[in-house]
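Listed below are the residues making up each chain.
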Amino acid sequence: MIDLRSDTVTRPSKTMRQVMFDAPVGDDVWGDDPSVAHLETYIAERTGKAAALFFPSGTQSNLVALLSHCQRGDEYIVGQQAHTYRMEGGGAAVLGGIQPQPIENEADGTLPLAKIESAVKPIDPHFARTRLLTLENTFHGQVLNADYVEAATALARRHGLATHLDGARIGNAAAATGASLEALCSPFDTISICCSKGLGAPAGSVLVGPAAFIETARRWRKVVGGGMRQVGMLAAACEYALEHHLPQLTEDHAKAERLAEGLAGIDGITVTSQATNMVFVEFTRPAFDPARLHEWLEERDILVGALYAPRFVTHRDVSMDDIDRVVAAFDEYFTA
């Protein structure tokens, strides 16, 4: 199958599997897993933060960050289209009593600075207490502008807000810009980094930030069921992915560019956006049936899908030849 549903479908490589097999393990809840400890030290150093904490998923990492930054009755400012708001089950509100204050994202993923400022509540019993600004990088594949990030986080600090970055695909931002992880993470107090998307680890995310914050997060991780035992094999896979797969993400970006170019030449398809490893399209043929297209492609061993818009995501398990096959299949469908 050529699977373009997401970069979460990547499988560990043969070398990564060997690294996992050889990884020393212990009980991470007791702090005894050497592979987890090594990963946490490694990624804290690479991001320029004091400490790190390993999680089974990015959703849990983001949730624990929100729970650690905010108390019940507090609120966080977030994009209307942000993953932490739309795609993580409302966990902050459901489990933490934390109110989201959504702001509509601009097309480039930013939140207008004036709207952020106007969303900050005065200290008054009528209002939830504004505690946190959250951003996302990349956003729908787009890299947040560095000058904007500096301005937004500076605004947050002026209002006494903490800052958190959902950096699920921050590796793609690093690969696209040539910036280091430390440079991309520097403006934020805390960052969640996912290793199981384009980086290709089977599971795992890491939350980085100040040492005292990470100790608070460690308790919340236990509360929400994230305490893991002999999990060093996953940690070793994540460290291998960060060390060896991150530089290769530019190859996925090139595949997405090729896919976008090919699809743009087909009557009935409009490419609305292509950035890093994501391609968004609109189907313009009258009476178009997306279910029939999905079925037709699956019969040809091609999987596509999207939760909120037609989106194709390239990754390390899709080759350039696969991209050409996909373009040919779409061309056949729309010219039949």
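Participant: Explain the packing of aromatic side chains to me, and be specific about the residues and the numbers.
Facilitator: Taken as a whole and assessed by the stated rule, the structure comprises eight aromatic pairs. Here Phe 288 and Phe 334 contribute two aromatic rings whose centre-to-centre distance is 5.9 Å and whose plane-to-plane angle is 15°, an arrangement assigned as stacked. Taken as a pair, Phe 288 in the loop between strand E10 (278-283) and helix H13 (290-298) and Phe 334 in helix H14 (residues 320-335) lie far apart in primary sequence, 46 residues in all. Here a set of aromatic residues connected by ring pairs shows up, and it is made of Phe 283, Phe 288, Trp 296, Phe 312, Phe 330, Tyr 333 and Phe 334. Looking at Arg 219, its charged tip hangs above the ring of Trp 220, at a distance of 5.6 Å from the centre.

Participant: An account of the pattern of salt bridges is needed here, citing residue identities and associated values.
Facilitator: In this structure the tally under the stated criterion is twelve salt bridges. Close ionic contact of Asp 7 with Arg 169 constitutes a salt bridge, the shortest N to O distance being 2.7 Å. Note that Asp 7 is positioned in the loop between strand E1 (2-3) and helix H1 (14-22) and Arg 169 in the loop between strand E6 (162-167) and helix H8 (170-177), a separation of 162 residues in sequence. The exposure classification of Asp 7 matches that of Arg 169, with both residues buried.

Participant: So what about the nonpolar core? Which residues, and what values?
Facilitator: Of all hydrophobic cores here, the largest spans 50 residues; its most connected members are Phe 54, Ile 77 and Leu 135. Top contributing element to this core by residue count: helix H11 (residues 232-245), with six residues. Ignoring sequence-local partners within four residues, the contact set of Leu 135 consists of Leu 111, Leu 144, Tyr 148, Ala 152, His 164, Leu 165, Asp 166 and Phe 188. Core analysis: the second largest hydrophobic core is formed by 25 residues, Ile 2, Phe 288, Leu 293 and Phe 334 among them.

Participant: Run through the sheet that holds strand E9 (residues 269-275), naming residues and quoting values.
Facilitator: Strands sit in the order E9-E10-E12 across an open sheet of three strands; the sheet is antiparallel. Of all the strands in the sheet, just E9 and strand E12 (311-313) have a single pairing partner and so form its edges. Neighbour-to-neighbour, the strand axes of the sheet open up by a mean angle of 25°, direction not taken into account. For E9 and E10, the ladder comprises six bridges, and the chain directions are antiparallel. For Gln 274, the partnering residue across the bridge sits in E10 and is Val 279.

Participant: Let's hear about the packing of helix H3 (residues 58-69) against helix H10 (residues 211-223): which residues, and what values?
Facilitator: Direction vectors running N to C along H3 and H10 enclose 115°, while the axes themselves pass 9 Å from each other. In this structure, H3 meets H10 at a crossing whose hand is right-handed. Together, Gln 60, Val 64, Ala 65, Leu 67, Ser 68 and His 69 of H3 and Phe 213, Thr 216, Ala 217, Trp 220 and Arg 221 of H10 make up the contact between the two elements. Here the contact of H3 with H10 is composed, by residue class, of six nonpolar, four polar and one charged.

Participant: I'd like a rundown of the side chain of Asp 3, residues and numbers included.
Facilitator: Its place among the elements puts Asp 3 in strand E1. Here Asp 3 is in contact with Val 9, Leu 303, Val 313, His 315 and Val 318, once residues within four sequence places are set aside.

Here is what the cut-offs are and how they apply
- Residues numbered from 1 in each chain as written.
- Predicted model: local features only at pLDDT ≥ 70, side-chain atom pairs only at ≥ 80, totals over all residues.
- Heavy atoms only, no water.
- Phe/Tyr/Trp six-rings, centres within 6.5 Å; stacked < 30°, edge-to-face > 60°.
- Helix = DSSP H or I, 4+ residues; strand = E, 2+ residues; numbered from the N terminus.
- Lys NZ or Arg CZ within 6 Å of the ring centre and 35° of its normal.
- Salt bridge = Lys/Arg side-chain N within 4 Å of Asp/Glu carboxyl O.
- Buried < 20%, exposed > 50% of the residue type's maximum accessible area, 1.4 Å probe, protein only.
- Core = buried A, V, L, I, M, F, W, Y, C linked by side-chain atoms within 4.5 Å.
- Contact = heavy atoms within 4.5 Å.
- Pairing = 2+ DSSP bridges.
- Axes fitted to C-alpha atoms, helices over the stretch in contact; angles between N-to-C directions.
- Left-handed = near helix turned anticlockwise from the far one by under 90°.
- Nonpolar A, V, L, I, M, F, W, Y, C, P; charged D, E, K, R; others polar.

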